[in-house]
Amino acid sequence: MNVLVINCGSSSLKYQLINSDSEEVLAKGLCERIGIDGRLVYQKEGCDKEVTEASMPTHKEAIQMVLDALTNDKTGAIKSLKEIDAVGHRVVHGGEKFASSVVIDEEVIKAVEECNDLAPLHNPANLIGINVCKELMPGVPMVAVFDTAFHQTMPAKAYLYGLPIEYYENYKVRRYGFHGTSHSFVSKRTVEFLGLDPENSKVIVCHLGNGSSISAVLNGKCIDTTMGLTPLEGVVMGTRSGNIDPAIIEYIAKKENLDIPAIMNILNKKSGLQGLSKLSSDFRDLNEAAQNGNKYAENAIEVLCYGIAKFVGGYVAALNGVDAITFTAGIGENASLVREKVVEYLGYLGITLDKEANSKRGEEMIISTADSKVKVCVIPTNEELAICRETVALVK
Ligand code: ADP
């Protein structure tokens, strides 16, 4: 069957049409600048990218353009919309209501709406995508796949913060975790790839991209993760600060005469690698600058790698051991320097790195030596394929 995977953001939308039998991507692309001017990128499998500038006042026009492109006489991947058998939607926040993917009905839409408060930038956009697809493809089954669902197996000791418990009871303030689709996909694949026993496995997944999070997975179930109530917590990211002393918020507010929204903007958009390096949020830029002797870039990379290693060390304690540490996403899959530095801190675990294997990038591989006590590997993530599989499992 053909599954359309939709990842709807506030002003952009990514899509892939996947044949679930062959798991081949028939076409993919994105709509950008929705509500501003509008640009559609469309790429049919085996063909060049087509870029069309066109007015997209709302997500409705954007999704209509995607459907038109997919069914275009000359360049379409399919002949008619009848060939789309199901739609899988990425939904960022499922709160405590969703511990797995679900077929979307009115009740699910209402429950997702109730989580809007927890992800005010993401969930409303995800819902727009769902509602527009329902309107343009009536009768086609749709599935919601939540970023938070995989982490719902965390025990209370991992998800509760040291705050008055009423904040949890009244407002559901707790750790939720994100990137769950990726952590689930990559941890499962790690177990398969290394031939571990699924019922007796301890895996740590480092999803390092623009947004980064790490998870501890015991026998296939997440027991802890670094992102929290929001994706701001945890590792230093492209523009997000990750963990800081919460008292810094008041201190800087006074020094710079800023209010809370202004501080939150700094923590989300002007911190992390961007803030530390004064240069860029993109790891490639920092790597190049560091090689040319830029101290800020060098420090940013050191802070990143040290922080990752500390979380991994903590998760070895949480799991009471570890069989495999896996790197994934843009930095995890490609930046051999980050992998090398992180693994260096973990020598006490009896890990040794195969430097030659580690110099490769972007492919599924083991980068520890044969005698290393813990396997270290790279598994490219594929959230779209994971959403497609979840969708098929629910609608078939
Ligand atoms: P997102 O969270 O936006 O999905 P990605 O997973 O695409 O992010 O990761 C983006 C990060 O990956 C950027 O910091 C980028 O510099 C880094 N990256 C991508 N390709 C490479 C590469 N070849 N070498 C080093 N870093 C890379």
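Higher on the page you've got the structure.
Residue positions are given per chain, counting from 1 as you read along its sequence in written order. Where local features are concerned, this predicted model is filtered to residues with pLDDT of at least 70; where side-chain atom pairs are given and counted, the filter is 80 or more; whole-chain, interface and lining totals use all residues. Side-chain measures were taken over the full set of non-hydrogen atoms in the model, leaving aside hydrogen atoms and water.

Caption draft 1: Fine view of the packing of helix α6 (residues 180–194) against helix α15 (residues 383–395). Between N-to-C directions, angles span 0 to 180 degrees; the directions come from axes that are lines fitted to C-alpha atoms, helices contributing only their stretch in contact. The numbering of helices and of strands both runs from the N terminus, where a helix is a DSSP run of H or I of at least 4 residues and a strand a run of E of at least 2. In contact at an axis separation of 9 Å, α6 and α15 are set at 85° when each is read in the N-to-C sense. With respect to α15, the axis of α6 lies roughly perpendicular. Contacts between α6 and α15 involve T181, S182 and F185 on the former and, on the latter, E383, L385, A386, I387 and R389. The residue makeup of the contact of α6 with α15, split by class, is four nonpolar, two polar and two charged. Here roughly perpendicular refers to angles of 65 to 115 degrees, roughly parallel to angles under 35, roughly antiparallel to angles over 145, and oblique to all remaining angles. By the convention used here, residues are in contact when the closest approach between their heavy atoms is within 4.5 Å. In this classification, the charged set is Asp, Glu, Lys and Arg, the nonpolar set is Ala, Val, Leu, Ile, Met, Phe, Trp, Tyr, Cys and Pro, and all remaining amino acids, among them Gly, are polar.

Caption draft 2: Region of the structure containing the packing of aromatic side chains. Between the rings of Phe, Tyr and Trp (Trp by its six-membered ring), a pair exists once the centres lie within 6.5 Å; its type follows the angle of the planes, with under 30 degrees stacked, over 60 edge-to-face, and the other angles tilted. Within the structure shown, the criterion is met by four aromatic pairs. Ring centres 4.3 Å apart and planes at 10° place the aromatic pair F98 and F146 in the stacked group. Residue F98 is found in the loop between β6 (86–91) and β7 (102–103), and its partner F146 is found in strand β8 (residues 142–146); the two are separated by 48 residues along the sequence. We note that F98, like F146, is buried. Comment: the charge-over-ring label is applied if NZ (Lys) or CZ (Arg) is within 6 Å of the ring centre and within 35 degrees of the ring normal. In this arrangement the basic side chain of K172 is found over the ring face of Y168, its NZ or CZ atom lying 5.0 Å from the centre. The positively charged end of R174 is found above the aromatic ring belonging to Y176, 4.8 Å away from the centroid. Think of it in three bands: residues with accessible area under 20% of the maximum for their type are buried, residues over 50% are exposed, and the middle band is partly exposed, with areas taken using a 1.4 Å probe on protein chains only.

Caption draft 3: Layout of the side chain of T381. Summarising the element assignment, T381 is placed in the loop between β14 (375–378) and α15. Here a polar contact is recorded for every N or O atom pair within 3.5 Å, except that within protein the pair must consist of a potential hydrogen donor and a potential acceptor, and residues adjacent in sequence are included only if both atoms are side-chain atoms. In this structure the side chain of T381 is engaged in a polar contact, spanning 2.7 Å, whose partner is the side chain of S182. In contact with T381, not counting residues within four places along its chain, are S182, F185, V186, H207, T328, A329 and E333.

Caption draft 4: Fine view of the state of the cysteines. Disulfide assignment relies on a single distance test, namely cysteine sulfur atoms paired within 2.5 Å. For the coordinates displayed, the defined rule picks out zero disulfides. Cysteine C31 remains unbridged, with the sulfur of C8 as its closest cysteine sulfur at 8.8 Å. Look at C31 and you get buried, because its relative accessible area is 0%. Cysteine C115 shares no disulfide, and the gap to the nearest cysteine sulfur, in C8, comes to 17 Å. Using a relative accessible area of 2% as the deciding quantity, one classes C115 as buried.

Caption draft 5: The arrangement of the packing of helix α1 (residues 59–70) against helix α3 (residues 123–136) in detail. For the pair α1 and α3, the least separation of the axes is 10 Å and the interaxial angle reads 55°. For the element pair α1 / α3, the angle class is oblique. Handedness of the crossing formed by α1 with α3: right-handed. On α3, the residues touching H59, K60, I63, Q64 and L67 of α1 are I128, G129, V132, C133, E135 and L136. Here the contact of α1 with α3 is built from residues that sort into six nonpolar, three polar and two charged. Should the near helix be turned counterclockwise from the far one by less than a right angle, the crossing is left-handed, whereas a clockwise turn marks it as right-handed.

Caption draft 6: Expanded view of the environment of N219. On the secondary structure map, N219 appears in the loop between β10 (212–218) and β11 (221–225). On the basis of relative accessibility, which here comes to 30%, the residue N219 falls in the partly exposed class. Along the backbone, N219 and I263 are 44 residues apart, and their C-alpha atoms lie at a distance of 39 Å. Excluding residues within four positions of it along the chain, N219 makes contact with P198, E199, N200 and S201.

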